[in-house]
Each structure stands twice: as structure tokens, then as C-alpha cells.
Amino acid sequence: MAESTTKFLQTEIEQLVSLCFSEYTTQDLNPLKLATDSHLKYLKNKKKSFVSLDASRPWLCFWTLNSANLLDLLSDAEALNYNLPDYTIQLLKYQHHSGGFAGGFGQLAHLAATYAAVHSLALLQDESAWLKIDRQKMHSFLLQMKQPDGSFIMHKDGESDVRGSYCAISVAKLLNILTPELKQGCAEYIRSCQTYEGGIGGLPGLEAHGGYTYCGVAALALLKELEILDLRSLTYWATSRQMSFEGGFQGRTNKLVDGCYSFWMGGVLAILETYWDSTLYDHQAMHKYTLTCSQLETGGFRDRPEILKWDEDNITLTESQKSATMKITEPKTPYIHYNSDTDQVLGTTALIPPMELETALNFAKSTMPSSSSSSIEQHHVILDPQTSGSEWDDSDEEEQDEEEVEQRKKFTAIRAQHYNMKNVLRQAKLNEEEHLRLHRLKHPDDPEVECNDSEESDDGHCESIGVLNKNADVIDYRRDMESENSNIKQ
């Protein structure tokens, strides 16, 4: 049975992970630790490269602030090179006039952007900024996103999935506006998204996915309705997502390990461990994969080890030196300038090789290596001036059958006649005159066929057809002419 692409990639990933583990062992890195200084550098310097994420400004704030909080650096404004009040001012500018927060200036209110903005303001712990969130309009916005089946759409006329349920419930819980009207039908909708595997999909009937499972489980935990799910099948599915060799997590069945699912699946299992009051997965194996295979020396995390290793410092330097008018230098296209009067290549003393066959071959022999001279002498080329103008040797024709030779000569004659259009046109004209002469003899008084004086030759023949009308005889005459001309050409 042929191996699938995923199985081939799985083997390759295991080899790369094994290499990472062996490097860690040989370097005697013990204990495993978070590279705080590198991550701090990443948080300070990488924000400038996120210009394209204009619709995700609240998310950039949340990712930076939450990472700094986890590193216990949120209060160290000098270390992070930012001013906390600046974050507050920017986030409040994204608050939409109809409730909720937008991803950027002048954009629609969006549940995901609202989640990021509200959680960022909570991390900043600025009470005056927190009170500036319009809770009444926020509650109205969440109700507008609520759907009859208990789900939430992400924005006006947008899509609905389990993400919307988690974002809406989390925001309402933080702002203390989680009313019965908002909660109605939410748990039942999330339960409908649980699959036969035990995980939760984005919509009812879709494949179980680590990210959507976290959103669904976290939302039900906030609603205190976790037991509405089949928790045994959910726990079995979630624990099965930890890869036995790598130690990290995959997001779906038969997929590759991915560093981001250390958060998504780790979050799911943290909630389930609290519920079951038991350890459900290998924490040390997950830590080892995250810190040796996902953590980068330059700061930040990646999904899995890659074959290519990027020089981040060089990329940063190149990006800083780029400009809109950056010029690409290329060598000039080589071109030989030839003087036809002196038969010389300008800029060099070399002459153009002569074009005569004998001298050209002699020139080639003199310029080629000695090892190749023997191969040139083996070619039987006739260079005798007396025989150079003679006809080709027709010995091959003598060996052929006489009937084939005769047919070939006949074909050659017919082809030559076919392409001799001058004779064809001349013959057609003579036939035309003959038909006209016979017609005049047959109908001497026919006024429809005339010959102009200027078109009559010395022997009395007419050089042109003259004036022809719709006379029936003349029409027959035209048909005869066309038929005969066609036969001549064939």
C-alpha cells in the first residue's frame, strides 16, 4: 500500500524532532527554560513588521500584552519600550459607535476584535479606561449577533461558528452583562457541534478541531454547563491528540504536530483536568517539544522544526535597507560589435572565420584540441574543386526498382507543372480565346459578345472576353471555362 503524503511528512518531522532532541541533550541544557530575553526582544522589535494586519490591531495589542503578562514584564514599561496609556488610548478608539470594537479605524464591529480589545483593557488594569467601555451598547451589539439557533455571527451579515459563541460569552462574562437572554440556547448549540470522535467542530457536522474544541469547552465552562457534553469521549479525543514521539499536539486526527496546539489542546485538557481532578497528559513531553522544537533562539515560537533555518538578523537588516526605488544591478548583455569593412570584431584582433567550406574546416581543425583532430580526419568530405560542382551521386536510385524510379520522375514532372503557374494562366487564356472564337462563329450576330479594337490582335483573335451579360450561352461558356481551368490545375 502506497504511503500517503501525511505519512511521509510525519516520518520527516520525526527525524527533525529527533535532531532537535539530540542537540538539546549534547548541549546539556538542563533544566528546560523559557528564553525570556529573546522573547522580550521579539516583542519589542517585531511589531513594525505587522503593518499588513490593519484589521487586527486589537489582536496585536492583546498578543503583546498577554505575552508580557505571562513573562511577568507587563509592569516594566521601560523594558518593553512602550507606554501603557498609549495602548489604552488606541484601544478605545476602536470602540464602535453602535457597540463592540472594530479591528481598525472606520471598520465594522467584529466579535473577534471585541474579544481582543476587551481582554487587552482588562490586562492593562486601568479602571478609568475600563469604565469607558459602553456596556449598554455592548450588550445590544451581542444581542444583534445572537442567532435563533443559539450561535453568534462574527459581524453583521457574517459567518457563525463556535468562535463567535466563545468570544461573545467571554466578553459578556468580563463585563458582567451575561444575561439569560444572551445565554439562551448557547450550550445546546455547542453540544450540537460535538462530533462522533468526541471533539468539537466549527459547525454541526464538521470535523473535530483543536481550536474549535477549546472555544466550545471554554464557553461551556464559563456558562457552567460543561456536563452537557459527552465528557468521556471528549477526554479520549483530546488526550489522543498528543503525539507519542514528539510530545506536542496535533489539531485533528492524522495531522502533523503543531506548536499552536500546545495552547489550544493544552487549554482544553487544563479544563478537563480540573473537572476530572486528574492528570490527563504528559506535561513534561509537551514542555520538551515546545521549548526545544518550537521555541526560536531569536524569540517567538514556530509550529514545528523546519529544514530551512532563516537568518532573522540578516532579514531584518535587508528589510530596513529596502526602499521603493531600490535598483537591481545586473551585468550588461554581452554583444559583439563587428566591422564589415575590415572583417574584424571591434575590441579584439581576432578575425571572423572564413565562410568557405575548405578553409572553415581547416580553421576548425587548427582551433580544436589535438585529441579531437583524429575525429575530424575520419569525415569523408570531398573538397576537390573539379568535383564540387558536379551532380549528386545517384547510386541510390540505381538500387531502387525501375518502376519506383519511373513513378518518382513522373511525380516530379507533375509537381513542376503544378507550380508553373505562368504556363497555366497562358493556357487558360488561349482556351478562353478559342471558346470565344467558336462562340462568335456559331452566333455571328450575337451583340452580347464583342471585341474592342484595342484588344484585337493581328490574326483576328480577341485578347479578352469582352462584355458578357446574363445570356444563357455565355453562362454555359463560363461553366465550361471554370471546369477546364480546374482540370488544368489538377
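Residues numbered from 1 in each chain as written. Predicted model: local features only at pLDDT ≥ 70, side-chain atom pairs only at ≥ 80, totals over all residues. Heavy atoms only, no water.

Caption draft 1: How the structure looks around the packing of helix α13 (residues 231–239) against helix α14 (residues 261–276). Two numbers describe how α13 lies on α14: the axes approach to 10 Å, and their chain directions differ by 135°. On the basis of their axis angle, the class for α13 and α14 is oblique. Considering the relative orientation of α13 and α14, their crossing is left-handed. Facing α13, whose interface residues are Leu231, Arg232, Leu234, Thr235, Trp237, Ala238 and Thr239, α14 presents Met265, Val268, Leu269, Leu272, Tyr275 and Trp276. Broken down by class, the residue content of the contact of α13 with α14 amounts to ten nonpolar, two polar and one charged. (Axes fitted to C-alpha atoms, helices over the stretch in contact; angles between N-to-C directions. Helix = DSSP H or I, 4+ residues; strand = E, 2+ residues; numbered from the N terminus. Parallel < 35°, antiparallel > 145°, perpendicular 65-115°, else oblique. Left-handed = near helix turned anticlockwise from the far one by under 90°. Contact = heavy atoms within 4.5 Å. Nonpolar A, V, L, I, M, F, W, Y, C, P; charged D, E, K, R; others polar.)

Caption draft 2: Up close: α13. When α13 is considered as a whole, its buried residues turn out to be Leu231, Ser233, Leu234, Thr235, Trp237 and Ala238. Of the surrounding secondary structure, the elements contacted by the buried residues of α13 are α12 (210–223) and α14. (Buried < 20%, exposed > 50% of the residue type's maximum accessible area, 1.4 Å probe, protein only.)

Caption draft 3: Representation of the nonpolar core within the structure. In this structure, Phe101, Leu111, Leu121, Met138, Leu142 and Leu229 are the most contacted members of the largest nonpolar core, which totals 68 residues. Every residue in contact with Leu142, bar those within four places of it in the chain, is listed here: Leu111, Phe152, Ala168, Ala172, Ile177 and Leu182. (Core = buried A, V, L, I, M, F, W, Y, C linked by side-chain atoms within 4.5 Å.)

Caption draft 4: Summary view of a negative patch on the surface. On the surface, Asp401, Glu402, Glu403 and Glu404 cluster together into a negatively charged patch. Within the secondary structure layout, Glu403 lies in helix α21 (residues 402–419). Take Glu403: its relative accessible area is 53%, and that puts it in the exposed class. (Patch = residues over 30% accessible without salt bridge, like charges linked within 9 Å, V, L, I, M, F, W, Y side chains within 5 Å. Areas by Shrake-Rupley, 256 points an atom, 1.4 Å probe, with all protein chains shown as cover. Salt bridge = Lys/Arg side-chain N within 4 Å of Asp/Glu carboxyl O. Lys, Arg positive; Asp, Glu negative; His and termini not counted. Charge placed at Lys NZ, Arg CZ, Asp CG, Glu CD.)

Caption draft 5: Representation of the packing of aromatic side chains within the structure. A full pass over the atoms with the stated rule returns twelve aromatic pairs. Ring centres 5.5 Å apart and planes at 65° place the aromatic pair Phe249 and Tyr281 in the edge-to-face group. Of this pair, Phe249 sits in the loop between α13 and α14 while Tyr281 is found in the loop between α14 and α15 (283–294), placing the two residues 32 residues apart along the sequence. Across the pair, Tyr281 and Phe249 agree in class, each one buried. Linked through ring pairs, Trp59, Phe62, Trp63, Tyr115, Tyr166, Tyr214, Phe263 and Trp264 together constitute an aromatic cluster. (Phe/Tyr/Trp six-rings, centres within 6.5 Å; stacked < 30°, edge-to-face > 60°.)

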